[in-house]
Amino acid sequence: MAGQQAEQTIHVGGEWRDAVSRATREILDPADAKPFAVVAEGDERDADAAVEAARRAFDEGPWPRTPTADRAALLRRVADLLVRDREELGLLESRDAGKTVEEGRVDIDCVADAFRYFADLVVGEGGGRVVDAGTDEVHSVVVHEPVGVCTMITPWNYPLLQASWKIAPALAAGNTFVVKPSEITPLTTVALIRLLAEAGLPAGVANIVTGPGQSVGARLAEHPGVDLVSFTGGLVSGTKVGQAAAAGVKKVALELGGKNPNVVFADACATEEGFDTAVDQALNAAFIHSGQVCSAGSRLIVEESVRERFVAELARRAARIRLGRGTEDGVECGPLVSEQQREKTEAYVASALAEGAVLRSGGKRPEPSDVRPAAGYFYEPTVLDQCHRDMKVVREEVFGPVLTVETFRTEDEAVALANDTEYGLAGAVWTADAGRARRVAGRLRHGTVWINDFHPYLPQAEWGGFGKSGVGRELGPAGLAEYRETKHVYQNLAPKPVRWFAG
Ligand code: NAD
């Protein structure tokens, strides 16, 4: 977009700025690869300035010492502002990340819910925990305090949702922060920072630096003025962030990828209704937001006796998913976020076919149409049958619309396949047998297990992964605890000498 003014998207100490270098970046609409916004492209110098501002606001500003009820009231005002701007933000998320507008709107609702949830959680807590020291002469209490300066690094698939799962608890607990959204989808996070100021958050508490991971993100992970680093993204960058944070002995939370099993027992398909529901949800599990979901059910593990019928119906429905620009009426699924993501997906499909997978639907770029500009990063929902655990496509996170199919004969085999991953974010079991449902759910080594469902989460329930899906939890009470230090205050009400030393 020739001549478009760059927006000032770096917010430091209450002021909107250009990058120190004056560099800018065009933000592309993945549906047509055309730029529709220009943002500041920060670097390490912008990150340093933002951390310093957050440090000052934490050490000297009012926010960490603001009463809990007032902090909660501000979070609720933010939720109201999100509801007010729902249409605009939902549309922005859709254009930036390539999802449908309806998905964008749902994201904004979930963001507002997160702010409300953490507001309710902190006001409902009461004070510290009094500890019985075994004598009336001691008053001992355990209290929680904010960690300090938090930095947050977020991905492109659910840009505002992932940011809000960090920002809402961090603020509820009284921290200050610097957030770095994905360089390709920064717009709604910038908009949220504006809403926080409108809601009355003091200057310096919320800072944002738009820019690349290798410079801004890396600096935010290692900066000596930072107390906690919270990262959501892929395993490769998450490992680097974890190492940088560990070198500075910072607290660190990592929300990484997943290779999530969707286990379907034949008994779940015994009725027409059960079969229809399991197929419908397997489709949703794998292809919502073109599979660019950390918890995508990208591994279908189906009982051998129903495989052929199940996969045939799944492939038929996958081929009918209406792909197109997310802002068009009737479109069910948008493009991938970038050409890089599409090429990565194509490489995984090619490797699967070379390793013996059988293509049942998709496997290519769709023909352009009225709702699918030729330049957009579209890729057809793809079902790969006859997959096995040694294939690269089964072991690694594709983060695209690719579903692999494996089969089992026994419950033990189903569990073994479902757990055969270095990740452990989420998984589902479909069965009409309540005992089996509980048994299998108990044996799955994943942070979220759905029984006869896929994808829902609750703000009051923890989210996070086993294994290489991460460290720590978001949402729920543990999602707030991440942003707190615990302090024991021991008060001697009748001090006297201990005479350990004769003196
Ligand atoms: P990514 O790792 O490429 O980038 C994530 C963020 O890290 C971006 O802001 C990026 O700029 C930054 N970054 C990159 N290299 C960095 C470095 N060396 N130091 C510091 N920061 C750096 O991930 P992505 O492609 O944006 O997102 C997709 C990934 O996110 C997938 O693996 C997905 O599973 C994961 N994800 C996980 C969850 C969850 O809740 N577990 C949620 C959403 C996405």
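Shown above is the structure to which this text applies.
Quick caveat: nothing in here was measured; it's all calculated off a predicted structure.

## Some words on the pattern of salt bridges
Once the charged atoms of two side chains with opposite charge are near each other, the side chains can pair. The final tally for this structure, using the stated rule, is 50 salt bridges. Where R365 meets E339, a salt bridge forms, and the shortest distance between an N and an O atom there is 3.0 Å. Of this pair, R365 sits in the loop between β14 (358–361) and β15 (382–385) while E339 sits in helix α11 (residues 339–354), placing them 26 residues apart in sequence. Under the relative-accessibility criterion, R365 is labelled partly exposed at 35%.

## Side note on empty space enclosed by the protein
Per the counting criterion, the structure on display carries three cavities of 30 Å³ or more. Approximately 70 Å³ is the volume attributed to the largest cavity. In this structure, the largest cavity is lined by 13 residues; those nearest its centre are A296, S298, E397, V398 and F399. When the residues that make up the lining of the largest cavity are grouped by side-chain class, the tally is six nonpolar, five polar and two charged. When its volume is computed, the second largest cavity comes out at roughly 50 Å³. D29, A31, S94, R95, G98, K99, R325, G326, T327 and P335 together form the lining of the second largest cavity. By residue class, the composition of the lining of the second largest cavity is two nonpolar, four polar and four charged.

## Examining the site of the ligand
The local shell around the ligand holds 28 residues, among which T154, E183, S237, L256 and E397 are the closest. A distance of 3.3 Å separates an oxygen atom of the ligand from a polar backbone atom of G233. Between the ligand and E255, the relevant distance is 3.4 Å, taken from a nitrogen atom to a side-chain nitrogen or oxygen of the residue. Considering the ligand on its own, with 850 Å² of exposed area, one finds that the protein chains cover 89% of that surface. For the ligand, the cavity whose grid points lie within 2 Å of the majority of its atoms is the largest pocket.

## Brief notes about the sheet that holds strand β16 (residues 402–408)
In spatial order, the strands read β14-β15-β16-β13-β12-β17-β18; together these seven strands make up an open sheet with mixed pairing. A strand with exactly one partner marks an edge of an open sheet, and here the two such strands are β14 and β18 (448–451). With strand direction ignored, the average angle separating the axes of adjacent strands in the sheet is 20°. In terms of strand pairing, strand β13 (residues 299–303) meets β16 through five bridges, oriented parallel. From the neighbouring strand, V302 faces β16, where its bridge partner is T407.

## Observations concerning the packing of aromatic side chains
One pass over the structure, following the stated rule, counts eight aromatic pairs. Taking 6.1 Å as the distance between ring centres and 65° as the angle between the ring planes, the aromatic pair formed by W165 and W463 counts as edge-to-face. Of this pair, W165 sits in helix α5 (residues 159–172) while W463 sits in the loop between β18 and β19 (470–471), and the two are 298 residues apart along the sequence. When sorted by exposure, W165 lands in the same class as W463, which is buried. Geometrically, the ring pair formed by W450 and W463 is tilted, given 6.5 Å between the ring centres and 45° between the ring planes. Of the two residues, W450 sits in strand β18 while W463 sits in the loop between β18 and β19, which places them 13 residues apart along the sequence. Residue W450 is classed as buried on the basis of its relative accessible area of 6%. By way of ring pairs, the aromatic residues W165, W450, F454, Y457 and W463 are connected into one cluster. It is K99 that lies over the ring of Y158; its NZ or CZ is 3.7 Å from the centre. Here the basic side chain of R194 rests over the ring of W16, its NZ or CZ set 3.9 Å away from the ring centre.

## Re the state of the cysteines
Per the counting criterion, the structure on display carries zero disulfides. C333 takes part in no disulfide bond, and the closest cysteine sulfur to it belongs to C294, at a distance of 16 Å. Assessed through its relative accessible area of 3%, C333 is described here as buried.

Conventions used here
Residues numbered from 1 in each chain as written. Predicted model: local features only at pLDDT ≥ 70, side-chain atom pairs only at ≥ 80, totals over all residues. Heavy atoms only, no water. Salt bridge = Lys/Arg side-chain N within 4 Å of Asp/Glu carboxyl O. Helix = DSSP H or I, 4+ residues; strand = E, 2+ residues; numbered from the N terminus. Buried < 20%, exposed > 50% of the residue type's maximum accessible area, 1.4 Å probe, protein only. 1 Å grid on protein atoms, 1.4 Å probe; cavity = no way out; pocket = protein on both sides within 12 Å on 5 of 7 lines; lining within 4 Å. Points joined across faces, edges and corners; volume = space filled by probe spheres on them. Nonpolar A, V, L, I, M, F, W, Y, C, P; charged D, E, K, R; others polar. Near = heavy atom within 4 Å. Polar contact = N/O pair within 3.5 Å; in protein donor to acceptor, adjacent residues only side chain to side chain. Areas by Shrake-Rupley, 256 points an atom, 1.4 Å probe, with all protein chains shown as cover. Sits in = over half its atoms within 2 Å of the grid points. Pairing = 2+ DSSP bridges. Axes fitted to C-alpha atoms, helices over the stretch in contact; angles between N-to-C directions. Phe/Tyr/Trp six-rings, centres within 6.5 Å; stacked < 30°, edge-to-face > 60°. Lys NZ or Arg CZ within 6 Å of the ring centre and 35° of its normal. Disulfide = S-S within 2.5 Å.

Interpretation note: all reported values are geometric properties and have no functional meaning in isolation.
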